[in-house]
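A closer look at the structure
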Amino acid sequence: KALYEKGIDCNPQDRDGNTPAHAAAKEGHDSIILFLHQAKVALDTQNNDGRILAHAAAEKGQAKTIMILHKIGADLNLKDKQGNTPAHTAAYVGHTAVITALHEAGAHLSVKNDTGVTPAYFATQGEHVETMKALQRAQANLDIQTNSKHTPAHYAAQEGYTEIITILHQAQ
């Protein structure tokens, strides 16, 4: 706050394009995000990979931060350069609470990235059973084909992920 009051730029980008707000979102420093929002700092800045604050929060499991970003008007469906949304990021690393927060905030959970992969496919790849259950509870489509025509069921069967197959069967 003191830096801002002295006129210091609170939104510089590092070599990867991340801003201080990206760092705050990643670490769940919600009071800093709220301060930067009140100070009219751009909170929708994309880094060099096209990732926004919600991607950073999703990657580190910051479900509360996701809800704060939603409340201040962040776009939780914005895609990075590979077409991944924050839901893809959360599913990839198995952050179930973030998937639940994104659902509660109205984010799209059945969206494809550039290769046709959905959050459910990423959750299947990581054998994130609880994340798949959260996607099922959120009524995400768990049967969308990738660009190569594979579904989460194909991957789960190939890898022998019995619990994932059970969840997919229950979703039909």
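Residues numbered from 1 in each chain as written. Predicted model: local features only at pLDDT ≥ 70, side-chain atom pairs only at ≥ 80, totals over all residues. Heavy atoms only, no water.

**Description of the overall build of the protein**
- A count of helices and strands for the protein gives 11 helices and 0 strands.
- Seen in sequence order, the protein has helices and strands lined up from the N terminus as α-α-α-α-α-α-α-α-α-α-α.
- On C-alpha atoms alone, the protein measures out to a radius of gyration of 17 Å, which is about the 16 Å that the 2.2 N^0.38 rule sets for 172 residues.
- Taking the principal axes of its C-alpha atoms as reference, the protein extends roughly 60 × 25 × 20 Å.
- Here the protein, with 172 residues, has 45% of them falling under the buried criterion. (Helix = DSSP H or I, 4+ residues; strand = E, 2+ residues; numbered from the N terminus. Rg over C-alpha atoms; globule rule 2.2 N^0.38 Å. Buried < 20%, exposed > 50% of the residue type's maximum accessible area, 1.4 Å probe, protein only.)

**What to know about the packing of aromatic side chains**
- Here the structure, examined in full by the defined rule, presents 3 aromatic pairs.
- Relative to Tyr-161, the ring of Tyr-155 has its centre 6.3 Å away and its plane inclined at 50°; by these criteria the two rings are tilted. Note on accessibility: Tyr-155 and Tyr-161 belong to one class, buried.
- Ring pairs connect the aromatic residues Tyr-121, Tyr-155 and Tyr-161, which therefore count as one cluster. (Phe/Tyr/Trp six-rings, centres within 6.5 Å; stacked < 30°, edge-to-face > 60°.)

**Considerations on the packing of helix H2 (residues 20-27) against helix H3 (residues 30-38)**
- Remark: H2 packs on H3, axes separated minimally by 8 Å, with the N-to-C direction vectors making an angle of 145°. Handedness of the crossing formed by H2 with H3: left-handed. Residue-level contacts link Ala-21, Ala-24 and Ala-25 of H2 to Ile-32, Ile-33 and Leu-36 of H3.
- The residue makeup of the contact of H2 with H3, split by class, is 6 nonpolar, no polar and no charged. (Axes fitted to C-alpha atoms, helices over the stretch in contact; angles between N-to-C directions. Left-handed = near helix turned anticlockwise from the far one by under 90°. Contact = heavy atoms within 4.5 Å. Nonpolar A, V, L, I, M, F, W, Y, C, P; charged D, E, K, R; others polar.)

**Side note on the pattern of salt bridges**
- With the rule as written, the count across this model stands at 2 salt bridges.
- Where Arg-51 meets Glu-59, a salt bridge forms, and the shortest distance between an N and an O atom there is 2.9 Å.
- Classification of Arg-51 by relative accessible area gives buried; the value is 17%.
- Of the charged contacts, one joins Lys-133 and Glu-130 as a salt bridge, the two residues approaching to 3.3 Å between their closest N and O atoms. A residue pair is termed a helical-turn pair when its members lie 3 or 4 positions apart in one helix, as Lys-133 and Glu-130 do in helix H9 (residues 129-137) at 3 residues.
- Among the residues examined, Glu-130 registers a relative accessible area of 44% and is labelled partly exposed. (Salt bridge = Lys/Arg side-chain N within 4 Å of Asp/Glu carboxyl O.)

**Side note on the nonpolar core**
- In terms of nonpolar packing, the biggest core is built from 47 residues, with Met-132 and Leu-135 touching the most fellow members.
- Here this core takes 5 residues from helix H4 (residues 53-59), the largest share from any one element.
- Among all residues touching Leu-135, those that are not within four sequence positions of it are Ile-99, Leu-109, Pro-119, Ala-120, Ala-123, Ala-140 and Leu-142. (Core = buried A, V, L, I, M, F, W, Y, C linked by side-chain atoms within 4.5 Å.)

**As for unusual backbone geometry**
- Look at Lys-40: it is not a glycine, yet its phi comes out positive at around 65°.
- Tracing the sequence through the fold places Lys-40 in the loop between H3 and H4.
- The phi dihedral of Glu-127 falls on the positive side, at around 50°, and the residue is not glycine.
- Examined against the element boundaries, Glu-127 turns out to sit in the loop between helix H8 (119-125) and H9.
- On the accessibility criterion, Glu-127 (38% relative accessible area) is partly exposed.

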